[in-house]
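Listed here are the chains, written in short residue letters.
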Amino acid sequence: MIRKITITGFLLLAVAFNANAQDIDRINQLEKEVREINIRLSKLESLLSNPGKPHEHVTPGEGWKSVMNWRKLTTDMDYSDVQKTLGEPQRVDGGRSAYWYYQNGGSVWFREGKVYQWSEPRH
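None of the values given here were measured: they were computed from a predicted structure.

Engineer: I would appreciate a short explanation of the pattern of salt bridges in the present structure.
Structural biologist: Where charged atoms from two side chains of opposite charge approach closely, those side chains can pair. Counting across every chain of the model gives four salt bridges. With a shortest N-O distance of 3.1 Å, arginine 71 and glutamate 120 are connected by a salt bridge. Note that arginine 71 is positioned in the loop between helix 2 (67-70) and helix 3 (79-86) and glutamate 120 in the segment after strand 4 (114-119), a separation of 49 residues in sequence. As a salt-bridge pair, glutamate 112 and arginine 96 come within 2.6 Å of each other at their nearest N and O atoms.

Engineer: Just checking my understanding: could you explain unusual backbone geometry for this structure?
Structural biologist: Only a minority of non-glycine residues have a phi that is not negative, and only a minority of peptide bonds are not trans. One non-glycine residue with positive phi stands out, namely glutamate 112, at about 55°. Its place among the elements puts glutamate 112 in the loop between strand 3 (107-111) and strand 4. The exposure class of glutamate 112 is exposed, given its relative accessible area of 60%.

Engineer: Looking at this structure, I do not really get the sheet that holds strand 2 (residues 97-101). What am I missing?
Structural biologist: Within a sheet, adjacent strands bond to each other through the backbone by hydrogen bonds, running parallel or antiparallel. With antiparallel pairing, the four strands of this open sheet are ordered in space as 1-2-3-4. The open sheet terminates on both sides in strands that have one partner only, identified here as strand 1 (91-94) and strand 4. Averaged over neighbouring strand pairs, the angle between their axes works out to 20° when direction is ignored.

Engineer: Sorry if this is basic, but what is going on with the packing of aromatic side chains here?
Structural biologist: The geometry of an aromatic ring pair is captured by two quantities: the separation of the ring centres and the angle between the planes. Using the criterion set out here, one finds seven aromatic pairs in the structure. Ring centres of tyrosine 79 and tryptophan 100 lie 5.8 Å apart, and the angle between their planes is 25°; on these two criteria the pair is classed as stacked. Residue tyrosine 79 is located in helix 3, and its partner tryptophan 100 is located in strand 2; the two are separated by 21 residues in the primary sequence. Take tyrosine 79: its relative accessible area is 31%, and that puts it in the partly exposed class. For the cation-ring pair, arginine 91 lies above tyrosine 101, with the distance from its terminal atom to the ring centre recorded as 4.1 Å. Looking at arginine 111, its charged tip hangs above the ring of tyrosine 116, at a distance of 4.4 Å from the centre.

Engineer: Would you explain a nonpolar patch on the surface in this entry?
Structural biologist: A contiguous nonpolar surface patch, about 370 Å² in accessible area, is contributed by Phe10, Leu13 and Phe17. Along the polypeptide, phenylalanine 10 turns up in helix 1 (residues 2-49). Note on phenylalanine 10: relative accessible area 57%, which makes it exposed.

Engineer: Sorry, what's going on with the nonpolar core here?
Structural biologist: The tendency in soluble globular proteins is for nonpolar side chains to be buried side by side. Of all hydrophobic cores here, the largest spans 13 residues; its most connected members are Trp70, Leu73, Val82, Leu86, Tyr102 and Val108. When contributions to this core are tallied by element, the ones reaching two or more residues are helix 3, strand 2, strand 3 and strand 4. Ignoring any residue separated from it by four or fewer positions in sequence, one finds leucine 86 in contact with Gly61, Glu62, Gly63, Trp64, Asn69, Trp70, Leu73, Tyr102 and Val108.

Engineer: Explain helix 3 to me, please; I cannot follow it from the model alone.
Structural biologist: Given 3.6 residues per helical turn, the α-helix brings residues three or four places apart onto the same face. Regarding helix 3, the residues found buried are Val82, Thr85 and Leu86. For helix 3, the buried positions fall inside an angular range of 75° around the axis, keeping them on one side. Positive backbone phi, approximately 95°, marks glycine 87, located one or two places after helix 3.

Definitions and cut-offs
- Residues numbered from 1 in each chain as written.
- Predicted model: local features only at pLDDT ≥ 70, side-chain atom pairs only at ≥ 80, totals over all residues.
- Heavy atoms only, no water.
- Salt bridge = Lys/Arg side-chain N within 4 Å of Asp/Glu carboxyl O.
- Helix = DSSP H or I, 4+ residues; strand = E, 2+ residues; numbered from the N terminus.
- Buried < 20%, exposed > 50% of the residue type's maximum accessible area, 1.4 Å probe, protein only.
- Pairing = 2+ DSSP bridges.
- Axes fitted to C-alpha atoms, helices over the stretch in contact; angles between N-to-C directions.
- Phe/Tyr/Trp six-rings, centres within 6.5 Å; stacked < 30°, edge-to-face > 60°.
- Lys NZ or Arg CZ within 6 Å of the ring centre and 35° of its normal.
- Patch = residues over 30% accessible without salt bridge, like charges linked within 9 Å, V, L, I, M, F, W, Y side chains within 5 Å.
- Areas by Shrake-Rupley, 256 points an atom, 1.4 Å probe, with all protein chains shown as cover.
- Core = buried A, V, L, I, M, F, W, Y, C linked by side-chain atoms within 4.5 Å.
- Contact = heavy atoms within 4.5 Å.
- Arc of directions from axis to C-beta.

Written out as structure tokens, the structure is:
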């Protein structure tokens, strides 16, 4: 009898841990989707608020000066993609989590080699 109770207890724990892991994965996926939707919304709002605004001219390698370039960032970009879009950062900190800082106050946060989050410069 005790053996049955013990086995049942272990099975219930296994089911609970598995459900928790699935919930965490689902939450992480939903958070990623919300970040990407916010980025898309920001881009659309920018286009709607400045419909006839001419594009900024930016010297190659100084993409960080253009807000439009910041709005091209996505969470699937790696270091080289960001470097092509924004240029070289002024300062880099980190290892597995790296932070790139630009002269205009913008920054990019990488986790495991991919963009995780960023802050556009404030004008």
